[in-house]
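Residue-level listing of the chains:
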Amino acid sequence: MDPDQPSFRLIRTNKGGQKLLEGGYVYLMHRRVGEMTHWQCEQRGECKARVHTKGIEIVKRTNEHLHVPDVQATACCEIKASIKRKARDTQDNSHHIIGEGMLTASEGTAAKLPKLDSLKRTIQRQRASVLSAPVQPTALAEYPLSCWAAARTDSATDDQSS
Ligand SMILES: [Zn+2]
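Going by an unreviewed UniProt entry, the chain carries the name FLYWCH-type domain-containing protein and comes from Oopsacas minuta.

See the structure below:
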């Protein structure tokens, strides 16, 4: 693996937050502490697994996951994120964008993706939101993490519970 590349992937969520994908697990941003970002397993109700990232590295892991990794689910997240990104950043027609996303999917992952009509609606929603939203970086996963982190310092610090 290229040491300059992060071992994890970051994707945007519909609500403007971020998810971290790594090894078949999905983490939600919890908060930022200095240069570190704390993430908690998406199944945070029952699973106490946490990771801390600094730049492009995972610097700390806390607790084991109580469930098996789901590589297809995280691959599915990545493909949906890339479809949304292309919807916002390109003028390609929706069939083309979905086709490109499907090309990267394994058979098992493709089976987990939403149906074609649903993906098309997702693309339409993304484009509608771009038209009504202020200009901002949209391809967060492609930005240097330092840039991404700077953009996040204004939020995600509301929960001080731990
Ligand atoms: Zn977990």
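### Side note on the overall build of the chain
The secondary structure content of the chain amounts to five helices and six strands. When its helices and strands are written in sequence order, the chain yields β-β-β-β-β-β-α-α-α-α-α. Burial analysis of the chain (162 residues in total) assigns 18% to the buried set. Long-range contacts, defined as pairs at least 24 residues apart, comprise 48% of the intrachain contacts of the chain with a sequence gap of at least 6.

### Observations concerning helix α2 (residues 94–103)
Buried within α2 are the following residues: Ile97, Ile98 and Gly101. Looking straight down α2, one finds its buried side chains confined to an arc of 95°; they lie on one side. Among the exposed residues of α2, those pointing more than 90 degrees away from its buried face are His95, His96, Gly99 and Leu103. Contacts from the buried residues of α2 go to α1 (71–89) and α4 (116–132).

### Remarks on the sheet that holds strand β2 (residues 18–22)
Pairing in this open sheet of six strands is antiparallel, and the strands run β1-β2-β3-β4-β5-β6 from one edge to the other. Every interior strand has two partners, whereas the edge strands, β1 (9–12) and β6 (57–62), have only one. Pairs of neighbouring strands in the sheet enclose a mean axial angle of 35°, with direction left out of account. Pairing geometry for strand β3 (residues 25–33) and strand β4 (residues 36–41), over six bridges, is antiparallel. When the sheet's bridge partners are listed, tyrosine 27 is paired in β4 with cysteine 41. Sitting on the sheet, α1 is in contact with β1, β2 and β3, with an inclination near 55° to β1.

### Quick look at the nonpolar core
Formed by 20 residues in total, the largest nonpolar core has its most connected members in Ile11, Leu20, Tyr27, Cys77, Ile83, Ile97 and Ile123. Broken down by secondary-structure element, the contributors of at least two residues to this core are β1, β2, β3, β4, α1, α2 and α4. The leading source of residues in this core is α1, at seven residues. Built from parts of two domains, this core gets at least three residues from each of domain 1 (9–68 + 140–152) and domain 2 (71–132).

### Focus: the pairing of β6
Within β6, only zero of the six residues are buried, which leaves it mostly out in the open. Hairpin geometry of strand β5 (residues 50–54) and β6 is characterised by an intervening segment of two residues between the two adjacent antiparallel strands and by a positive phi of about 60° at glycine 55.

### Examining the environment of histidine 38
Looking at the secondary structure, you find histidine 38 in strand β4. Sequence spacing of histidine 38 and valine 51 is 13 residues, and the spatial spacing of their C-alpha atoms is 6.1 Å.

### Some details on the packing of α1 against α2
Direction vectors running N to C along α1 and α2 enclose 150°, while the axes themselves pass 9 Å from each other. Taken together, α1 and α2 sit at an angle that is classed as roughly antiparallel. For the pair α1 and α2, the crossing hand works out as right-handed. Contacts between α1 and α2 pair Ile79, Ser82, Ile83, Lys86 and Ala87 from the former with Ile97, Ile98 and Gly101 from the latter.

### Considerations on the pairing of β5
Each regular strand shows side chains that alternate between the opposite faces of the sheet. Across the two faces of β5 the burial differs, with Val51 and Thr53 buried and Arg50, His52 and Lys54 not buried at all. As paired elements, β4 and β5 share five bridges and run antiparallel to each other. Looking at β5, one finds that tryptophan 39 is bridged to valine 51. As judged from the five bridges shared by β5 and β6, these two strands associate in the antiparallel manner. Looking at the pairing, histidine 52 lines up with lysine 60 of β6.

About the cut-offs
- Residues numbered from 1 in each chain as written.
- Predicted model: local features only at pLDDT ≥ 70, side-chain atom pairs only at ≥ 80, totals over all residues.
- Helix = DSSP H or I, 4+ residues; strand = E, 2+ residues; numbered from the N terminus.
- Buried ≥ 20, exposed ≤ 12 C-beta atoms within 10 Å, placed from the backbone.
- Contact = placed C-beta atoms within 7 Å.
- Arc of directions from axis to C-beta.
- Pairing = 2+ DSSP bridges.
- Axes fitted to C-alpha atoms, helices over the stretch in contact; angles between N-to-C directions.
- Core = buried A, V, L, I, M, F, W, Y, C linked by C-beta atoms within 7 Å.
- Domains from an automatic or database assignment.
- Parallel < 35°, antiparallel > 145°, perpendicular 65-115°, else oblique.
- Left-handed = near helix turned anticlockwise from the far one by under 90°.

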